[in-house]
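Coordinates in review
For reference, the chains in residue letters:
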Amino acid sequence: MTRTGEGRDARAVGRSVPRVDGAEKVTGRAAYVTDCVVPGMLHAALLRSPLPHARIRRIDAGRAATHPGVSAVVTGADLVQMPGLDPYFGPAFQDQAILAIDKVRFVGDPVAAVAAATREAAREAAQLIEVEYEELSAVLDVQAALRAGAPLVHERLRPSQAFADLMGIEAERQTNVCYHFKLRRGDVERAFAEAAHVFEDTYTSPAAQHAPLEPHVTVAWVTEGGLLHVTSSTQSPSYVRLSLARIFGLPLSKVRVTVPYLGGGYGAKTYDKLEPVTALLALRTRRPVKLQLTREEEFVTIHKHAVTTRIRTGVAADGRLLAREVAVYWDSGAYADIAPRVVHKSGYTAAGPYAIPNVKIDSYCVYTNRPPAGAFRGFGVPQVVWAYESQTDAIATRLGLDPVAYRRAHLLREGDLFATGTPMRSLAVIECLDAVAREIEWGSGLAGSSPPAPEVREAGVPRRVLRGKGVAVGIKAALAPSISGATVMLNADGSASVLSSTVEMGQGSDTLLAQIVAEALGVRVPDVQVVHPDTAVTPYDTITAATRSTFHMGNAVLQAAARVREQLFAIASDRLEVDPDLLRARDGRVFVAEAEDRGLTIPEVFGAAFQAAGTTLVGEAVYQTSAIPTDHETGQSERVTVMWFVGASAAEVEVDLETGQVRVLRFATAADVGRPINPHHCRQQILGSAVTSIGQTLFECLHFEGGQLTNGSFLDYMIAGYRDVPPIITPIIVERAHPEGPYGAKGVGETGALSVAAAIGNAVHAALGVRLRDLPLTPERVLQAMREREPARAARRGQVERGPG
Amino acid sequence: MRPFKLLDPRSLDEACQMLDRYGEDVKLMSGGTAILILLRQRVFSKPYFINLKAVPGLDGIRDEPGTGLRIGALATLRAVETSPIVRQRAPLITETFRLVANVRVRNSGTLGGNLSHGDYRLDPPAPLLVLGAKAVAVSSRGRNTYELKEFFRGLFETALQPDEILTEVVVPDAPPKAGTAYFKYTSLSETDWPCLGVAALVTPSDGGGTCGELRVAVTSVAERPMLLEHLGPLARGKRLTERLLEELGDAAAERVDPIADARGSEWYKKEMVRVFVRRAVREAARRAGLAAG
């Protein structure tokens, strides 16, 4: 494991430099889309469907149109009459109309939009729109949607052509399955017949909210020359530009998408959300228009997929995993959004990072009349990890084997083939597992169980509790193929600018990209300015998501900076009369490697090349990864991704035997980050993922009744807060340099989220001997599971315990 | 939210007159923590609100020998929580109020607003019920005192008449040697609304060793906060053994009709009534110097 890149000179990279945007953010000066005010700006509001599935018979917008302050009211019926407008959008299927046309498909589906002088006037006017619906029978969950003869959420579908990996997707005809991923490897049935033990279970993971601090918000206006300018809270500016250009029939150059700081995304802000309707209103009124969701609207805009996983594993007497068959059902809601990719990418990892010769996976993307589900940190992988890591634990326990040792014995190693037939590389999963097990002192006491809990007192009252420890691992593949372009501009004074479409959404990309450029050009990190996404000047980038920016944009920026350095060295080598290969850049100087005194400052190099002040040297690069598409029938591909990211979690929990409440006492989570560019930021990412996931494991769940979300606000839906964080929580960086990563780095945005739920579930099992298969692990479910295991005891309550008298 | 006019009365009399004058078109507002949410969600609106914070002198906290604590309705939850007099005279109130919501809500919300709102998911009613508090209300008709145990009538429903303003809460001194405890249980996030709350007060009997008086109140679980008066007689004169604690928990659960929600089903909440009544009584007994078991 040698350090890649310029290891010896490393000064900006590999150090925990402070965030370049830190002071601006903690002092409240950082500007977000919500702060954007354009002179003459109107405010928009949406009228949403109160029904899960209905035909729109008639809309009367008359009273709304004449409401004071209203500039425009638009409905789906208007859209179809607008020349040159394609009203449908979506990254996988163009299945979502800007405003519902003909029918509505979920409670919250936008039906009409109003632009008015104030937000209040727009909202009042929206309430004055009268809609007559003909209610249709709805499919409110996956089971209902899959039933033969079930009502169809979409009668026909049109694939989008925006992404290479989604070009080939086909929906099943006349069903609600919009995508079915299949993986076939070996002969599963024969292996099951030969297995000594067969385990079969069904695990579920519920719908959950992203809860970004900043709800979705978009401002759109048309400037001189017919340029459509959209500033938006999006993680995918390049895609939004493409989508708007297509919808409105504009050249790409006439759509300008800008993204300032983003107030948290977690996947919620990927692809197009409010941009089409806001742009439509701006084009219609020829005025700037702002649309900002309320928190309640945010809850019905996008969420994490509810998933049901049926998993069956055949095991040899000695514990070898012979076969695994997994069927995964994804409730994608009324519109596909990016769900087919979630179903594909998580689907092919659903058997886990284990050596299993026979694998069969079916992963179904199912439309229902619920709000749409989409990308959420981990992109579906945490839901399948919950299933396969709970079951792997059950197997080890049943065979009387130590869960850590059992996993170690069967985890994939370098060069082994994944279920897709892809050879594994740069995969420090065993190191991650070892690190977390060590951190929670695995093995002190019986495998998985803690030493007996001391008497626990709360406010002086003894509580009956049991403790247990659990571990889990997880694997996810980087999105491939994907593309990042970047421009680096070095200024004559030794400062630099980076033009990149990576969105700074709190993950620290501004700092990271500045570190890479500072390292490559030998300049100071604070002197590197990262220009925020502006599609008029920043090159194409696939998306800020999927743990891809460090690797992809990092490489693009590194290559662009290298091109600047080449020019710098070419000029300096003339002046210094040395071979450019012997030159190095550091501390704002270019100098000879073996004779550091011989050199020039960056301003001197510029002075040698240009007879003017304030000049620039520019380098550009496009970094592209390739992949071989998985086979349609077998899911096989020799190169399904360029980068795997793996992690492990370990938990020690305490369960209150009277309430069923699970408290995480100690938590450790490790991520293979390649080489960290900024170790502190890596740990923060791992920690953030873990805390979010702990909330989803223990209590987060969106509840629906008749298609209506019943806890869609922060009054009734809590995410993990400060007091829910375990008293001891340790993020761990595991380093194994990736040969293709910038300075050996991989991404880390999602790694910490993958295995949290399963580790906690396994710890609960170790404590109680009860396995829970449904998330979240609410106290009620835990108590119920304990009672079900001991029905006799429950029945005896009040007799035996109290004694015969 | 729909626009409204905020009226600033300069005295309690003027506030009462405003209530009379605007009738159905007006509602009282103090800290605003609950009402602003309802306004924003458009589930409630009024053209006028009376800003009780404009009336001076309604936020005092004092101890009146022979009567007890007198807490002004406009005292914020935070002021009550941090009051040295309250801590000295009724530590149960201090213990409970520091668990309400978060410090931002406590800094804004008032005791009077909290009680008048009649929301079932609130902590403050429980300790006030076991301490035998009274609510004082005024109207242009005069002055009225409600026993707090008769104040809560149902979901968002109190005994207050539309023309009445809650001005003061009177908390009698606890019986000598009383031990008190409040247990708040959140079944989801720790910062969530409670799944339930239980307050208990126990005094040792004159001879010691056995239970004298026992008072228990549960909140956040059923339609209204309730004083479970049937528990006292079950415990009087008895040793608070684990077996008796269990009987008390069962007797409490029988009387409570929980509201099922995301925080627990009816079954689960009944189970938790059993558990937390036991825990609260056990702890109150311990603090009263009575060994449990």
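Given the structure is predicted, the values throughout are model-derived calculations rather than measurements.

Examining the sheet that holds strand E2 (residues 54–60) of chain A
As summarised here, the arrangement of the three strands in space is E6-E2-E8 (chain A), forming an open sheet in which the pairing is antiparallel. Only two strands of the sheet have a single partner each, and these edge strands are strand E6 (103–104) and strand E8 (130–135) of chain A.

Digging into the nonpolar core
Ile760(A), Leu240(B), Leu248(B), Val277(B) and Val281(B) are the most contacted members of the largest nonpolar core, which has 159 residues in total. Judged by nonpolar contacts, the second largest core, of 53 residues, contains Val488(A), Ile516(A), Val642(A) and Tyr743(A).

Considerations on the packing of aromatic side chains
One pass over the structure, following the stated rule, counts 21 aromatic pairs over all chains. Here Phe299(A) and Phe714(A) contribute two aromatic rings whose centre-to-centre distance is 5.7 Å and whose plane-to-plane angle is 80 degrees, an arrangement assigned as edge-to-face. Residue Phe299(A) is found in helix H9 (residues 295–299), and its partner Phe714(A) is found in the loop between strand E33 (708–709) and strand E34 (728–735); the two are separated by 415 residues along the sequence. Judged by its relative accessible area of 0%, Phe299(A) falls in the buried class. On the numbers, 4.7 Å between centres and 25 degrees between planes, the contact of Tyr185(B) with Phe276(B) is stacked. Taken together, the positions of Tyr185(B) in strand E11 (residues 179–185) and Phe276(B) in helix H11 (residues 266–287) put the pair 91 residues apart, joining distant regions of the chain. The exposure class of Phe276(B) is buried, given its relative accessible area of 3%.

Some details on the side chain of Asp331(A)
Residues and elements named next belong to chain A. Note on placement: Asp331 falls in strand E17 (residues 321–333). Within the structure, Asp331 has its side chain in polar contact with the backbone nitrogen of Gly333 (distance 3.1 Å). Once residues lying within four places of it in the same chain are set aside, the contact partners of Asp331 are Asp141, Val142, His305, Ala306, Val366, Thr368, Arg370 and Ala373.

Some thoughts on the domain arrangement of chain B
Residues and elements named next belong to chain B. In terms of domain boundaries, chain B breaks down into domain 1 (5–54), domain 2 (61–171) and domain 3 (179–287). On a C-alpha basis, the centroid separation for the pair domain 2 and domain 3 is 21 Å. Counting residues at the interface gives 23 residues for domain 2, matched by 25 residues for domain 3. Between domain 2 and domain 3, a total of about 2,100 Å² is buried, with carbon and sulfur atoms accounting for 59% of that surface.

Some details on the environment of Thr544(A)
All names here are of chain A. Relative to the elements of secondary structure, Thr544 occurs in the loop between strand E25 (528–531) and helix H15 (549–576). C-alpha separation for the pair Thr544 and Ser238, spaced 306 residues apart in sequence, amounts to 10.0 Å. Sequence-distant contacts of Thr544, defined by excluding residues within four places in its chain, comprise Gln235, Ser501, Thr502, Val503, Met505, Gln507 and Ser549. At 2.8 Å, the side chain of Thr544 forms a polar contact with the backbone nitrogen of Val503.

Quick notes on a negative patch on the surface
Together, Glu157(B), Glu223(B), Asp257(B) and Glu266(B) make up a negatively charged patch on the protein surface. Summarising the element assignment, Asp257(B) is placed in the loop between helix H10 (242–255) and H11.

Describing helix H7 (residues 237–248) of chain A
Residues and elements named next belong to chain A. Over its 12 residues, H7 runs 16 Å from end to end, which matches the ideal 16 Å to within 8%, given 1.5 Å per residue. Listed as buried for H7 are Pro237, Ser238, Tyr239, Val240, Ser243, Leu244, Ala245, Ile247 and Phe248. Against strand E4 (88–89), strand E12 (227–232), strand E13 (255–258) and helix H8 (275–285) lie the buried residues of H7. Of the residues flanking the end of H7, it is Gly249, one or two places downstream, whose phi is positive at about 65 degrees.

Description of the sheet that holds strand E10 (residues 197–205) of chain A
Two pairing modes exist for strands in a sheet, parallel and antiparallel, and in both the strands are linked by backbone hydrogen bonds. Residues and elements named next belong to chain A. A sheet is described by the order of its strands in space; here five strands give the open sequence E9-E18-E17-E16-E10, paired in mixed fashion. Each edge of the sheet is formed by a strand with only one pairing partner; in this case those strands are strand E9 (177–185) and E10. Across this sheet, the average inter-strand angle for adjacent strands is 5 degrees, counted without regard to direction. Bridge count between E10 and strand E16 (residues 306–315): nine bridges; the pairing is antiparallel. Counted as the bridge partner of Thr202 is Arg310 from E16. In this fold helix H11 (residues 381–398) packs onto E10, E16 and E17, with an angle of close to 145 degrees to the strand it touches most, E10.

So, H11(B)
Residues and elements named next belong to chain B. For H11, spanning 22 residues, the distance from its first C-alpha to its last is 31 Å, which sits close to the expected 32 Å at 1.5 Å a residue. Across the 22 residues of H11, 17 count as buried, placing the element largely inside the fold. Gly289 sits one or two positions beyond H11 and adopts a positive phi of about 85 degrees.

Regarding the interface of chain A and chain B
Each side of the interface is counted separately: chain A has 33 residues, and chain B has 39 residues. Both faces considered, chain A and chain B share a buried interface measuring about 3,100 Å² in area, 46% of it formed by carbon and sulfur atoms. For the pair chain A and chain B, the interface holds eight salt bridges. Notably, a salt bridge pairs Glu296(A) with Arg40(B), separated by 3.4 Å at the nearest N-O pair. In this assembly, chain A and chain B are joined by 13 residue pairs in polar contact (both at pLDDT 80 or more). Among the secondary structure elements, those contributing two or more residues to the side of chain A that touches chain B are helix H4 (119–127), strand E21 (461–463) and helix H19 (779–789) of chain A. With five residues, the single largest contributor to the side of chain A that touches chain B is H19(A). Residues that form the side of chain A that touches chain B fall into these classes: nine nonpolar, eight polar and 16 charged.

Regarding the confidence of the model for chain A
It should be kept in mind that the predicted coordinates are not to be read in detail where pLDDT is low. Residues and elements named next belong to chain A. Averaged over every residue, the pLDDT of chain A is 94; the share at 70 or more is 95%. Below a pLDDT of 50 lies the segment residues 1–9, which in the model reaches 16 contacts outside its immediate sequence neighbourhood of four places, other chains included. Under a pLDDT of 50 for its full length, residues 796–805 has, in the predicted model, eight contacts with residues more than four places off or in other chains.

A look at unusual backbone geometry
Residues and elements named next belong to chain A. With an omega of -5 degrees, the peptide bond between Ala480 and Pro481 qualifies as cis. In the segment running from Leu775 into Pro776, the intervening peptide bond is cis, with an omega of -5 degrees. Even without being glycine, Thr547 reaches a positive phi, approximately 55 degrees. Its location among the elements puts Thr547 in the loop between E25 and H15.

Procedures and definitions
Residues numbered from 1 in each chain as written. Chains lettered and ligands numbered in written order. Predicted model: local features only at pLDDT ≥ 70, side-chain atom pairs only at ≥ 80, totals over all residues. Heavy atoms only, no water. Pairing = 2+ DSSP bridges. Helix = DSSP H or I, 4+ residues; strand = E, 2+ residues; numbered from the N terminus. Core = buried A, V, L, I, M, F, W, Y, C linked by side-chain atoms within 4.5 Å. Buried < 20%, exposed > 50% of the residue type's maximum accessible area, 1.4 Å probe, protein only. Phe/Tyr/Trp six-rings, centres within 6.5 Å; stacked < 30°, edge-to-face > 60°. Polar contact = N/O pair within 3.5 Å; in protein donor to acceptor, adjacent residues only side chain to side chain. Contact = heavy atoms within 4.5 Å. Domains from an automatic or database assignment. Buried area = accessible area lost by both parts, 1.4 Å probe. Patch = residues over 30% accessible without salt bridge, like charges linked within 9 Å, V, L, I, M, F, W, Y side chains within 5 Å. Areas by Shrake-Rupley, 256 points an atom, 1.4 Å probe, with all protein chains shown as cover. Salt bridge = Lys/Arg side-chain N within 4 Å of Asp/Glu carboxyl O. Lys, Arg positive; Asp, Glu negative; His and termini not counted. Charge placed at Lys NZ, Arg CZ, Asp CG, Glu CD. Expected span 1.5 Å × (residues − 1). Axes fitted to C-alpha atoms, helices over the stretch in contact; angles between N-to-C directions. Nonpolar A, V, L, I, M, F, W, Y, C, P; charged D, E, K, R; others polar. pLDDT = per-residue confidence, 0-100.

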